[in-house]
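# Chain and residue survey
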Amino acid sequence: MRTLRFWLTLLMCVLIWLSVTSFYNASPTYISTDRTRKIDMIVKMNRGDYWNTVKLGAEAAAKEFNVKLTFKAPDSESDIDEQIAMVEDSIKQKADAIILAASSYMGLAQVVDQAAYDKIPVISVDAEVGSARVRTYVGSNSYEAGQKSAERLIQLLKGYGEIGIINFTNSSLNTQIGSAGTIDYGARDADEREKGFLNYAARYPNIDVVQISYTNSNTANAEELTRLMLLKHPKLRGIATLNETASQGAGKVIQNLGLDKIKMVAFDSSPSMLELLQDGTVQATVIQNPFSNGYLAVKYAVEALEGVDVPERVDTGTKLIDLENMLWPENQKLLFPFVR
Amino acid sequence: MKQPKAYFFPLRPQNRNGGKLRLSSKLRSIQLIITLTFTAITVLVALIVSFMLYNKFAKTAEENANLNMQQIIEQVNYNLDLYVRGMGNIFEKAEQQITTSPSIDSPLMNEKMGTLMSSREDLVSVAVFTPEGEYVVGTPGQVMRQNTQLESQSWFTTAKKTSEISYSAPHIQNLFKGHYTWVVSISKMIQYRDNGELKTGVLLIDFNFRTIDELSRQVKLGKRGYAYILDPQGNIVYHPQQQLIYAGLKYENVEPVLEYAFRSYLDESTGEKRFITVRTLEQTGWKIVGVAYYDEIVTTKRDLNQFLAWFLAVVFLCVIALSVFLSWLIASPIRKLERTVKLVGEGDLNTPINVSGAYEVEQLSKRFNLMLQRIRQLMDQIIYEQETKRKGELEVLQSQINPHFLYNTLNSVIRLAEQGKTEEVVTMIQSLSKFFRISLSKGKNIITVQEELDHIRHYLVIQSFRFKNRFRYEIKAQDEVLSYQTIKLILQPIVENSLYHGIEMMQDEGLIVITAELQDELIVIKISDNGLGMSPETLNTILSGGVKNGGGSGVGVRNVNERIGLYYGREYGLAFESELEEGTTVTIIFPAIRNDEGAAEQKEDTTKR
C-alpha cells in the first residue's frame, strides 16, 4: 500500500512536472550569451589599418556574443618571441579561447600545442600555424592572393619586364639567425603569397622577378627597401607588395618620385592605399576581408567553446580592386569600414 | 481463535496469485480515493486556471510589446522625419543663397558656404558642379581628388534626371581630399550666376551618419532588437550591424519589408520569431524597420511562464501533501475502527473502542461502544437468567419429593394410625397421594389453576392434621379462572410461609384465605393470613432473598417470584402487604393464558426476557 502510493505520487509528480516544463519552449537556436567568455586575440602587430579592422570585426563579434576580448600584439610582425610569450601568458591567464595570427608558421606551433594540451581551443586567423591542434583557420587563401597579384601586374606590364617583390617576415631571414636550417620559420601567409606570385610569374618567360625584399613591417623600412630596389634595378617595371606596410612604403616612394612608368600592385586596403589607388600611383590592390576575419574568428571561437562543430577552414576570400571597380557599391562596403 | 485460522488459510493462496484483486481493493481505499480525486480536481482546476491566465496575460503582453514597439518606431520615424526635413531646409537655404548670389565665385559666396558648413556637425561637404561634372564652387579649402568618376555616381545622375531634391543611398565620398567618409548625398539641379551669366549646375550636400546613428541608436527593442533604415531601392541606409552586413557576414531579409510602406508583422524567415514594424519617411521614401525578437519582447510571457511553473509545482506539492494528510485524517480512524471491530468480531467483546478523529467517526465509535456494552449486559443477563431458571427448576424438582415434608407427614399418619383414626388416615394418605401426583404431574411445568388450587388444598389438608386444626382455610376461585394455566407449585411456598411464620406461633386460631380471580386478562391469586405479619424491613428483604425459610418444602418465595418473572415477564410476580399482628396478604399476578395455548406460550416465554 505504502509503496504503491509512493509510486503513484511519484508518477503524478513527474506528469505534473512534464506538463509544467512543456510551457517552456525549446532552447533558443542562437548561441547563449548568458556567460561572459574570455577570449584572447593575439595578432602579428599592434599597428596598421589592417589589424585595426581585424580588431573592429573581433570587437563587433565580442559585443554580439558577450565576449571579453583581450587584444594583444607585439610591436613588430617579426617579433616571434614576443608573440610566443603572449600566447604563454594567455595560457597562464586561463583564457577560454585563443585567437592567433601567427607571425611564424613553425615558431608558434609548440606553444599552440601547449594551449591545446591545456584544453584551450586555438583559432587561427589570417596566418596559419603549424599545429594540428588548431580548431579552425579563418582567413584568405594567400596562395590565390599572390596569384591574383601576379596576374594583374603581369597584365599591366603586358607580359614582360623586371618585377620586384616586397614581402614580409621571411623564412630565409630567420634561418640566418636561427639554427633550425630548413624549417619554415616565416609567416605562413607571407610564404604562400610569395609562392603564389612566383608560381604564376614563372609561366611568363619574359617576366623576371629580380628581387624579393623583406621588410620587418615598418613603413620607413619598406620605403628604404623600395628605394634600394629601384636603385639596384633601374629597369624595374613593376613592383608587387605583399602586405599593408610594404605597400604603404613602396607606394609612398613611387608617389614621391613620380615614377609613372612603374606599375604597382599593392596589398590590403588602408585608406592611404586607396588614395594612392585613386590618384593612379597604384594600379591595383589585392584586398582581404580583415573585418570578416576578426568577426568570424571570435564567432567560431565562441561556437567551439559551445561545442558546436566549426568548419576546419573558412576562406573569407580575396578581391582585386582597381580604380574602375573601387566605387562599386559592393566594393565600397568592403574597402571602407563603416565605422562610427 | 479457531475461526480466524480457518479464515486465513484459504485466503493465502489467493493472496499469492491474486495480486490484481489485492490492488483493486487497495485502490478502493478511502484514503487513496480521496487523495486521488482531491489532487486530480485541484490539479485540473489549477491547470485550467493557469492556462487561461497564461493565455490572457501572454496575449496582453504580446499586444503591449507590439504596441510599444510600434510606438518606438513611430517616434524614430518622427525624429528622422524632422531630421530629413532639416536637411531639406539646409539644402533649400544653400540653394537660395547660391541662386540669389550675383556671382558664384564671389568671396561673399565662399564665406556663406563656410558659415553653412560650420553650422552643422553632420555636414561633410557642399559643392556645385556643372552638368559636365566640373567643380564650380564648394566649401572653402576643399581640394578635388583625381579620378572621382562623379558623373556616374547616383546623386549626379538622379539630379540631372529630376528637378526634385534627391536623396542618395549611402556611399563613399571620394570627391575631396581627406578622409573617405560614408555619406548620404542630397542633390538637385539649380541655377546660379557666374559673372552675370545664368547657368545650371548640380548642388550637392553630403551628410554623414552622425545624427541618423544617434537617432537610431536610441532605439531599444529588448536586448537584441534593433532598428534599421532602408532606402526605396532596398539599400541599407543605416543598420546597427552595417559593417557586418556590408562584409556579407549578416543578412537582412529586406524583400518583404520593401513591399509595404506601413506594416507590422511576425517574421519567421530566419528561424526565429521576430516582430517587424515598418514605417516610411515621406520625403526620402526611406523605410524605418524595427526588429524585435519575439522571445525577448515578450519577456513578461517567459517570466509568467516561469512563475506559473513554480507556482503550479508548489501548489501541486501542497495539494498532494494536503490531500494525503486529509485523507489520512479521515481514513485512519475508520481503519482503526475497522480493526477494532474485526477484533470484536473475532470474539473479544471486551475490546475498548477509543477512536478519535472526525466527529462522525467519533460518534460511530461511541455508539459502537454503547452497543457493545449493551451486548455484554444482555449476554450477562442471559447467562444469569439461564442459571436461575435451571436452579429454579432444580428446586422445583426437589420440592416435588421433599423428604422432610414426607417424613413429617408420614409421622403424622403413623400417629393417626396408632390412635386408630382410620378415617383420617385415609383422608391424609389420599391427600398426600394427590399432592404428589400434582407435584409431579408427569414432569410438566405448566398446570391449570384448578390443579394448582387442588394441590394447595391437599397440602392444607395434610398441614391441618399436623397443626391439629389450629387454623382454618378457605379457597375461593371464580369458575372461569380454573381452566387457565399456571406454572406449578407457586402457592405452596407462600402458604408454607404463612403457616410456619404467621400461624404456627399464634395463640388464636389461624385463617388462610386463598382467592383466585380474573381481572383484565390477568389472573390474580391472593393468599391472606391473619398471622403475625412482617415488619417492613423483613418485607423489603423477602424478595431479594434475604430471608431463608428454614424447613418447609424448600421452594422459597423468591423462587416463586423469579419463576413467574422468567415465564411471564418481569412485570409479573408477587406483591406483599403485611402488618404486624394483623396478617399478611400475598398477591400473585400473571397473565391469563388458556390451557390449550400452553405449549406455544411456554416456548415464547423462554425467549422473552
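Residues numbered from 1 in each chain as written. Chains lettered and ligands numbered in written order. Predicted model: local features only at pLDDT ≥ 70, side-chain atom pairs only at ≥ 80, totals over all residues. Heavy atoms only, no water.

## Focus: the overall build of chain A
Operational definition: To qualify as a helix, a DSSP run of H or I must reach at least 4 residues; to qualify as a strand, a run of E must reach at least 2; elements of each kind are numbered from the N terminus. Relative accessibility thresholds used throughout: buried, under 20% of the residue-type maximum; exposed, over 50%; partly exposed, between the two (1.4 Å probe, protein chains only). By definition, residues are in contact when any of their heavy atoms lie within 4.5 Å. Note on areas: Shrake-Rupley, 1.4 Å probe, and residue coverage restricted to the protein chains presented here.
Along its length, chain A carries 12 helices and 12 strands. Counting every position in chain A, which comprises 340 residues, the buried fraction comes to 54%. Of the contacts formed within chain A by residues at least 6 apart in sequence, a portion of 72% connects residues at least 24 apart. Counting every atom, chain A has about 14,900 Å² of accessible surface; 52% of that belongs to carbon and sulfur.

## So, the overall build of chain B
The secondary structure content of chain B amounts to 19 helices and 18 strands. Within chain B, contacts between residues at least 6 apart in sequence are counted, and of these 65% link residues at least 24 apart. For chain B, the computed accessible surface area is about 32,600 Å², with 55% contributed by carbon and sulfur atoms.

## As for the sheet that holds strand E2 (residues 67-72) of chain A
Residue and element names in this part refer to chain A. Heads up, the rule is: Two strands are counted as paired when DSSP detects at least two bridges linking them. Axis lines are fitted through C-alpha atoms, for helices just across the contact stretch, and the angle between N-to-C directions can take any value from 0 to 180 degrees.
With parallel pairing, 6 strands are arranged side by side in an open sheet as E2-E1-E3-E4-E5-E11. Of all the strands in the sheet, the pair left with one neighbour each is E2 and strand E11 (313-315). Averaged over neighbouring strand pairs, the angle between their axes works out to 20° when direction is ignored. As paired strands, strand E1 (residues 37-42) and E2 are joined by 6 bridges and run parallel to one another. The residue of E2 that forms the bridge with Arg37 is Val67.

## Describing helix H10 (residues 271-278) of chain A
Residue and element names in this part refer to chain A. Considered for burial, the residues of H10 that qualify are Met273, Leu274, Leu276, Leu277 and Gln278. Packing partners of the buried residues in H10 comprise helix H9 (244-257), strand E9 (263-267), strand E10 (284-287), strand E12 (319-322) and helix H12 (329-335). Just downstream of H10, Gly280 is the residue with a positive phi angle, here 90°.

## So, the interface of chain A and chain B
Here is the rule: Buried area is a sum: the accessible area each of two parts loses on coming together, probed at 1.4 Å, counted once for each and added. By convention in these notes, a salt bridge is any Lys or Arg side-chain nitrogen within 4 Å of a carboxyl oxygen on Asp or Glu.
Each partner contributes residues to the interface: chain A has 36 residues there, and chain B has 47 residues. Carbon and sulfur atoms supply 66% of the area buried between chain A and chain B, which totals about 4,200 Å² over both sides. Counting every contact that joins chain A to chain B gives 2 salt bridges. We note a salt bridge from Arg145 of chain B to Glu275 of chain A, for which the minimum N-O separation is 3.5 Å.

## Concerning the environment of Gly573 of chain B
Residue and element names in this part refer to chain B. Structurally, Gly573 can be placed in strand E17 (residues 573-579). Sequence separation between Gly573 and Asn561 is 12 residues, and the spatial gap between their C-alpha atoms is 5.0 Å. With residues near it in sequence (within four places) discarded, Gly573 still touches Asn561, Ile564, Thr587, Ile588 and Ile589.

## Considering a negative patch on the surface
Residue and element names in this part refer to chain A. For clarity, the threshold we go by: Here the term patch refers to residues with relative accessible area over 30% and no salt bridge, with like charges joined within 9 Å and nonpolar side chains (Val, Leu, Ile, Met, Phe, Trp, Tyr) within 5 Å. Positive charges are assigned to Lys and Arg, negative charges to Asp and Glu, while His and the chain termini are left out of the count. To locate a charge, take NZ of a lysine, CZ of an arginine, CG of an aspartate or CD of a glutamate.
A surface patch of negative charge is lined by Asp75, Asp79, Asp81 and Glu82. By the secondary structure assignment, Glu82 is in helix H3 (residues 80-92). Owing to a relative accessible area of 35%, Glu82 belongs among the partly exposed residues under this scheme.

## A word on the sheet that holds E17 of chain B
All names here are of chain B. In space, the 5 strands of this open sheet follow the order E13-E15-E16-E18-E17, with mixed pairing throughout. Unpaired on one side and paired on the other, strand E13 (471-477) and E17 mark the two borders of the sheet. On average, each strand axis in the sheet is inclined to that of its neighbour by 10°, with strand direction left out of account. For strand E16 (residues 522-529) and strand E18 (residues 583-591), the ladder comprises 8 bridges, and the chain directions are antiparallel. Residue pairing for E18: Asp529 is matched across the bridge by Thr584. Helix H14 (residues 449-466) contacts E13, strand E15 (510-519) and E16 of the sheet and is inclined by roughly 170° relative to E13. Lying over the sheet, helix H18 (residues 557-568) contacts E17 and E18, oriented at roughly 145° with respect to E17.

## Remarks on helix H4 (residues 109-117) of chain A
Residues and elements named next belong to chain A. Stated formally: By arc we mean the arc of the directions from the helix axis to the C-beta atoms, nothing more.
Among the residues making up H4, those that are buried are Ala109, Val111, Val112, Ala115 and Ala116. Along H4, the residues classed as buried sweep out an arc of 165° about the axis, all on the same side. More than 90 degrees from the buried face of H4, the exposed residues found are Gln110 and Tyr117. Considering only its buried residues, H4 is in contact with H3, strand E3 (97-100) and strand E4 (122-125). Just downstream of H4 lies Lys119, where phi reads positive at about 65°.

## Let's talk about the environment of Thr270 of chain B
Residue and element names in this part refer to chain B. Structurally, Thr270 is set in the loop between strand E9 (263-267) and strand E10 (274-280). Of the residues examined, Thr270 reaches a relative accessible area of 47% and is grouped as partly exposed. Each C-alpha atom of the pair Thr270 and Tyr251 lies 9.6 Å from the other, and the pair is 19 residues apart in sequence.

## As for the confidence of the model for chain B
A low pLDDT score tells you not to read the predicted coordinates there in detail. Residue and element names in this part refer to chain B. Operational definition: Note: pLDDT gives the predictor's confidence per residue, expressed from 0 to 100.
Here chain B averages 81 in pLDDT, while 90% of its residues score no lower than 70. Segment residues 546-554: pLDDT under 50, and 18 contacts once partners within four positions in sequence are set aside and those in other chains are kept. Segment residues 598-609 is flagged for pLDDT under 50; beyond a separation of four residues in sequence, or across chains, it makes 12 contacts in the model. As scored by the predictor, the complex reaches a pTM of 0.62 and an ipTM of 0.78.

## A short note on the packing of helix H13 (residues 422-440) of chain B against H14 of chain B
All names here are of chain B. Test applied: What makes a crossing left-handed is the near helix being turned counterclockwise from the far one by less than a right angle; a clockwise turn instead makes it right-handed. Here the nonpolar group is Ala, Val, Leu, Ile, Met, Phe, Trp, Tyr, Cys and Pro; Asp, Glu, Lys and Arg are the charged ones; every other residue, Gly included, is treated as polar.
Where H13 meets H14, the closest approach of the two axes is 9 Å, and the angle between their N-to-C directions is 145°. When you trace H13 past H14, the crossing you get is left-handed. Residues Glu424, Thr427, Met428, Ser431, Leu432, Lys434, Phe435, Ile438 and Ser439 of H13 form the contact with H14, whose participating residues are Glu451, Asp454, His455, His458, Tyr459, Val461, Ile462 and Phe465. Residues that form the contact of H13 with H14 fall into these classes: 8 nonpolar, 5 polar and 4 charged.

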